[in-house]
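As a plain string of letters, each chain reads:
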Amino acid sequence: MNELRATRALISGGASGIGLAIAEALASQGVELVLVSRRLGLLEQEAARLQGRYGVRVLPLTLDLCDGAQVRARYTETRERLGPIDLLVNNSGVGSDYLVQDLPESEWDRVMDTCAKGTFLLTQACLPDMLAHRHGTIINIASQAAKNGYARASVYCAAKFAVLGFAKALREEVQHQGIRVHTLCPGLVQVPPPACPGERKPGWLQVEDLAEAVLYTLRQPAHVQLDEIGMTGI
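For clarity, every value in this text was computed on a predicted model and none was experimentally measured. (Residues numbered from 1 in each chain as written. Predicted model: local features only at pLDDT ≥ 70, side-chain atom pairs only at ≥ 80, totals over all residues. Heavy atoms only, no water.)

**Student:** How should I be thinking about the overall build of the protein in this particular structure?
**Tutor:** Counting secondary structure elements, the protein contains six helices and nine strands. The C-alpha atoms of the protein give a radius of gyration of 17 Å, which matches the 17 Å a tight globule of 234 residues would have. Here the C-alpha coordinates of the protein stretch approximately 50 × 45 × 35 Å along the principal axes. Looking at the protein residue by residue over its 234 residues, the buried ones come to 50%. Long-range contacts, defined as pairs at least 24 residues apart, comprise 69% of the intrachain contacts of the protein with a sequence gap of at least 6. (Helix = DSSP H or I, 4+ residues; strand = E, 2+ residues; numbered from the N terminus. Rg over C-alpha atoms; globule rule 2.2 N^0.38 Å. Buried < 20%, exposed > 50% of the residue type's maximum accessible area, 1.4 Å probe, protein only. Contact = heavy atoms within 4.5 Å.)

Encoded structure:
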């Protein structure tokens, strides 16, 4: 039994970058994984690697996070194969580089759906099992853009503000029922990771920094509720 109070984790955006770094850290602690992405080939490759290296079950899952019926159906399939999820990491996100006056409506929908709606739908799918067992953790990967406005990033800021607000409201609903809700708000993160230390960008976080923050959060005693955690590189 690991020390993280988590046995099965679902990670959106789990095939690469931040999500994969979190998956690797959790697998090293014996946590079984469901990795969600639209990129099946990469998902299967990384799932096989993690399973072979750490000896934990890793299930690759292709999923459109913006389709509620699909999210619910695939979660049910996953539950039947692996068991109920007690750790959800809402990591999927996408940005957009437009001035407000030039921002297409389709871009607004794409970013808001991926970041905010996807977080809502996955949370809603996993929550009943957590509530039934009075045990579970939901970690949202937001951004400093959830707390600050940036030019040419209006829809990304709006989406991440929404994630942070959603998390705060959810926490009020479930924190006395054994469910913990946390949000990480990192600054710039170097993705993909550098091939060697000399390629690290000054002032940027690394994906393993977020993975360590997730482990730190999960190691807190049950009576400790962390608010959002801000992270910046130096």
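**Student:** Could you clarify how one ought to interpret empty space enclosed by the protein in this entry?
**Tutor:** Where empty space is left becomes clear once a probe the size of a water molecule has been rolled over the atoms. Going through the model one piece at a time under the given rule, you end up with one cavity of 30 Å³ or more. By volume, the largest cavity amounts to about 30 Å³. Surrounding the largest cavity, Ser12, Leu65, Asn90, Asn91, Ser92, Thr114, Cys115, Gly118, Thr119 and Leu122 form its lining. For the lining of the largest cavity, the element with the highest residue contribution is helix α4 (residues 105-133), accounting for five residues. Considering only residue class, the lining of the largest cavity consists of three nonpolar, seven polar and no charged. (1 Å grid on protein atoms, 1.4 Å probe; cavity = no way out; pocket = protein on both sides within 12 Å on 5 of 7 lines; lining within 4 Å. Points joined across faces, edges and corners; volume = space filled by probe spheres on them. Nonpolar A, V, L, I, M, F, W, Y, C, P; charged D, E, K, R; others polar.)

**Student:** How should I be thinking about the packing of helix α1 (residues 17-28) against helix α6 (residues 207-218) in this particular structure?
**Tutor:** Any two packed helices are characterised by the angle at which their axes cross and by the distance between the axes. Look at α1 against α6: their axes get within 8 Å of each other, and the N-to-C directions meet at 50°. Classed by the angle they form, the pair α1 and α6 counts as oblique. Relative to α6, α1 is oriented so that their crossing is right-handed. Here Gly17, Ile18, Ala21, Ile22, Ala25 and Leu26 of α1 lie close against α6, whose contacting residues are Val207, Glu208, Leu210, Ala211, Val214, Leu215 and Leu218. (Axes fitted to C-alpha atoms, helices over the stretch in contact; angles between N-to-C directions. Parallel < 35°, antiparallel > 145°, perpendicular 65-115°, else oblique. Left-handed = near helix turned anticlockwise from the far one by under 90°.)

**Student:** For this particular structure, what's the right way to read the nonpolar core?
**Tutor:** Ranked by size, the top nonpolar core spans 38 residues in total, and within it Ile11, Ile22, Leu26, Leu33, Leu35 and Leu87 carry the most contacts. Listing elements by their share of this core, those giving two or more residues are β1 (8-12), α1, β2 (32-37), α2 (40-54), β4 (87-90), β5 (136-141), α6 and β9 (229-231). No other element matches the eight residues that α1 contributes to this core. The residues contacting Leu26, other than those within four sequence positions of it, are Leu4, Ala9, Ile11, Val31, Leu33, Leu87, Leu215 and Leu218. In terms of nonpolar packing, the next biggest core, distinct from the first, is built from 24 residues, Leu59, Ile85, Leu88 and Val174 among them. (Core = buried A, V, L, I, M, F, W, Y, C linked by side-chain atoms within 4.5 Å.)

**Student:** Before we go on, may I ask you to explain the layout of surface pockets in this structure?
**Tutor:** Of the voids in this model, the largest pocket is the one considered here, and its volume is about 1,100 Å³. Around the largest pocket, the lining is made up of 38 residues, and of these Asn91, Ser92, Gly93, Val94 and Tyr156 lie nearest the centre. Residue assignment for the lining of the largest pocket shows that the elements contributing at least two residues are α1, β2, α4 and α5 (154-174). Broken down by class, the residue content of the lining of the largest pocket amounts to 18 nonpolar, 16 polar and four charged.

Worth remembering: the numbers are spatial, not functional.
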